[in-house]
Amino acid sequence: MSSTNFSNKPISKAGIGLRPQHLEYVLSELPSINWFEVLTDNYFGPGGESLKELEQIRSHYPITMHSVGMSIGSSDPINWDYVKQIKSLADKFDPGWVSEHLCWTSAHGVHFHDLLPLPYTEETINHVSDRISQIQDFLGRRLLIENVSSYLSFEQSQMNECEFVASVAEKADCGILLDVNNIFVSQYNHGDDAIAYIKSIPADRVGEIHLAGGEERDGYMLDTHSREVPEDVWTIYKAAIAHCGDTPSLIEWDNDIPHFTVLEQEASKATTIIRQ
Ligand SMILES: [Fe+2]
């Protein structure tokens with residue numbers, strides 16, 4: 001399929017993270033959504049039905065590509081087979097941008113199914129930014145890196161998370177995907193000041209904002225992506241929009257997934273805040 005068959009609408013205002021449960025509804029009803037973010041890892045492999053579905057989505061909507069397994073922070077060598085698959089899909093589907101998490105998901109060849117946090121040190125900044133630069137050079141495009149939620153912190157950390165994210169982005173010359181729910185989770189679990197975090201992030205590097213709802217269990221806020229965006233997260237989001245301006249914003253929902261119209265209502269709330 002040639003890129004001339006793709007929707008060339010701009011990516012703006014609020015989008016929705018596309019999940020398999022909504023595919024049939026979206027392709028039959030073509031709801032008025034500005035853009036979708038697709039999980040790139042779902043489309044690895046030789047092709048088949050899922051790629052055909054993605055072609056159909058792409059013919060109606062602009063997309064961004066989000067991945068979870070690049071393991072940017074790992075001490076293992078960069079997994080170039082993984083990055084090649086990202087490049088192949090990005091070259092084919094022409095996403096607005098490609099994003100990944102500022103974390104590690106594998107070590108010594110063992111893969112975990114969690115986005116694990118990094119110690120915030122100069123050594124980590126150098127290590128991670130060098131890897132992002134190599135990956136960006138290979139992809140021929142800039143990455144957005146996303147702050148992750150965490151349930152522990154490292155004694156070795158020499159700075160706060162915001163300084164760490166900003167330093168990595170500056171050194172690697174990449175963009176930032178600011179997940180305001182993850183900032184809320186860190187505030188809840190570690191007592192960080194979410195609004196101070198937002199006010200210190202370099203606004204000109206923030207290319208996208210994520211919104212989601214988590215759940216409190218045993219005194220910890222968990223990043224479950226299983227609920228409507230709570231009021232505390234909307235408050236942080238409003239501060240982020242005030243600081244960063246009109247920024248494409250995405251509703252993420254991965255567990256206890258409701259009908260698509262619930263996500264549309266959440267996206268509509270985000271668009272209203274951006275317009276205000
Ligand atoms: Fe996110």
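Going by the structure above, here's the rest.
Reference entry: report on the structure contained in this document. Treat the numbers as computed from the prediction; the structure is a model and nothing was measured.

1. Describing the overall build of the protein chain
When its secondary structure is counted, the protein chain shows 9 helices and 12 strands. A compact globule built from 276 residues would reach a C-alpha radius of gyration of about 19 Å, and the protein chain, at 18 Å, matches this within 12%. Projecting the C-alpha coordinates of the protein chain onto the three principal axes gives extents of approximately 50 × 40 × 35 Å.

2. Structural notes on the sheet that holds strand β3 (residues 63-66)
Backbone-to-backbone hydrogen bonds pair the strands of a sheet. The strands run either parallel or antiparallel. The parallel closed barrel is built from 8 strands, whose spatial order is β1-β2-β3-β4-β7-β8-β9-β12. Sheet twist, expressed as the average angle between the axes of neighbouring strands with direction ignored, equals 30 degrees. Looking at chain direction, strand β9 (residues 206-211) and strand β12 (residues 249-251) are connected through 3 bridges and run parallel. Residue pairing in the sheet places Leu 211 in a bridge with Ile 251 of β12.

3. Regarding the nonpolar core
Counting 72 residues, the largest nonpolar core has Ile 145, Val 180 and Leu 211 as its most contacted members. If one sorts the elements of this core by residue count, helix α5 (residues 161-172) sits on top with 6 residues. Excluding residues that lie within four positions of it along the chain, Val 180 makes contacts with Ile 209, His 210, Leu 211, Val 233, Ile 236, Tyr 237 and Ala 240.

4. Quick word on the environment of Val 98
With respect to the helices and strands, the residue Val 98 is situated in strand β4 (residues 98-101). By the C-beta count within 10 Å, which is 23 here, Val 98 ends up buried. Remark: the alpha-carbon pair of Val 98 and Trp 80, spanning 18 residues in sequence, is separated by 16 Å.

5. Focus on the pairing of strand β2 (residues 36-39)
Remember that side chains alternate between the two faces of the sheet whenever the strand is regular. Two strands pair when backbone bridges link them, and strand β1 (residues 14-17) and β2 are joined in this way by 2 bridges, in the parallel orientation. Opposite Ile 16, over in β2, you have Phe 36 as the bridge partner. The parallel pair β2 and β3 is bridged by helix α2 (residues 49-60), and the resulting crossover is right-handed.

6. Here we look at the environment of Asp 193
Residue position: Asp 193 is located in the loop between α6 (180-190) and α7 (194-200). With 13 C-beta atoms packed within 10 Å, Asp 193 lands in the partly exposed category. C-alpha of Asp 193 to C-alpha of Asn 42: the two residues are 151 residues apart in sequence and 35 Å apart in space.

7. Quick word on unusual backbone geometry
The phi dihedral of Asp 218 is positive, around 50 degrees, even though this residue is not glycine. By the secondary structure assignment, Asp 218 is in the loop between β10 (215-217) and β11 (220-222). In this structure, His 225 takes a positive phi of about 50 degrees despite not being glycine. Residue placement: His 225 occurs in the loop between β11 and α8 (231-244).

8. Comments concerning the pairing of strand β6 (residues 110-116)
Bridging between strand β5 (residues 104-107) and β6 involves 3 bridges; their strand directions are antiparallel. The residue of β6 that forms the bridge with Ala 107 is Val 110. Taken together, β5 and the strand that follows it, β6, pair antiparallel across an intervening segment of 2 residues, in which His 108 is found at a positive phi of about 50 degrees.

9. Description of the packing of helix α4 (residues 122-139) against α5
Packing of α4 against α5 leaves a shortest axis separation of 8 Å and a crossing angle of 45 degrees. Looking at the two axes, α4 sits oblique to α5. Here α4 runs over α5; the crossing is right-handed. Taken together, the residues of α5 that come into contact with α4 (itself represented by Ile 125, Val 128, Ser 129, Ile 132 and Ser 133) are Phe 164, Ser 167, Val 168, Lys 171 and Ala 172. Split into classes, the residues belonging to the contact of α4 with α5 amount to 6 nonpolar, 3 polar and 1 charged.

10. A word on the packing of α6 against α8
Relative orientation of the contacting elements α6 and α8 amounts to 120 degrees, with a least axis distance of 9 Å. Regarding the angle of α6 to α8, the classification is oblique. As for the relative orientation of α6 and α8, their crossing is right-handed in sense. Each of Val 180, Asn 181, Ile 183 and Phe 184 in α6 lies in contact with α8, whose residues at this interface are Asp 232, Val 233, Ile 236, Tyr 237 and Ala 240. Among the residues making up the contact of α6 with α8, the classes are represented as 7 nonpolar, 1 polar and 1 charged.

11. Some points on α4
Taking 1.5 Å of rise per residue, the 18 residues of α4 would be expected to cover 26 Å, and the 26 Å separating its terminal C-alpha atoms lies within 8% of that figure. Among all positions of α4, only Thr 124, Ile 125, Val 128, Ser 129, Ile 132 and Ile 135 are buried. End-on view of α4: buried residues confined to an arc of 125 degrees, all on one side of the axis. Projecting away from the buried face of α4 at angles above 90 degrees are the exposed residues Glu 122, Glu 123 and Asp 137. Structurally, α4 contributes buried residues whose contacts are with α3 (80-93), β7 (143-146) and α5. Positive phi appears at Gly 140, one or two residues downstream of α4, with a value of about 70 degrees.

Cut-offs and rules
Residues numbered from 1 in each chain as written. Predicted model: local features only at pLDDT ≥ 70, side-chain atom pairs only at ≥ 80, totals over all residues. Helix = DSSP H or I, 4+ residues; strand = E, 2+ residues; numbered from the N terminus. Rg over C-alpha atoms; globule rule 2.2 N^0.38 Å. Pairing = 2+ DSSP bridges. Axes fitted to C-alpha atoms, helices over the stretch in contact; angles between N-to-C directions. Core = buried A, V, L, I, M, F, W, Y, C linked by C-beta atoms within 7 Å. Buried ≥ 20, exposed ≤ 12 C-beta atoms within 10 Å, placed from the backbone. Contact = placed C-beta atoms within 7 Å. Right-handed = clockwise from strand over helix to strand, strands pointing away. Parallel < 35°, antiparallel > 145°, perpendicular 65-115°, else oblique. Left-handed = near helix turned anticlockwise from the far one by under 90°. Nonpolar A, V, L, I, M, F, W, Y, C, P; charged D, E, K, R; others polar. Expected span 1.5 Å × (residues − 1). Arc of directions from axis to C-beta.

Interpretation note: all reported values are geometric properties and have no functional meaning in isolation.
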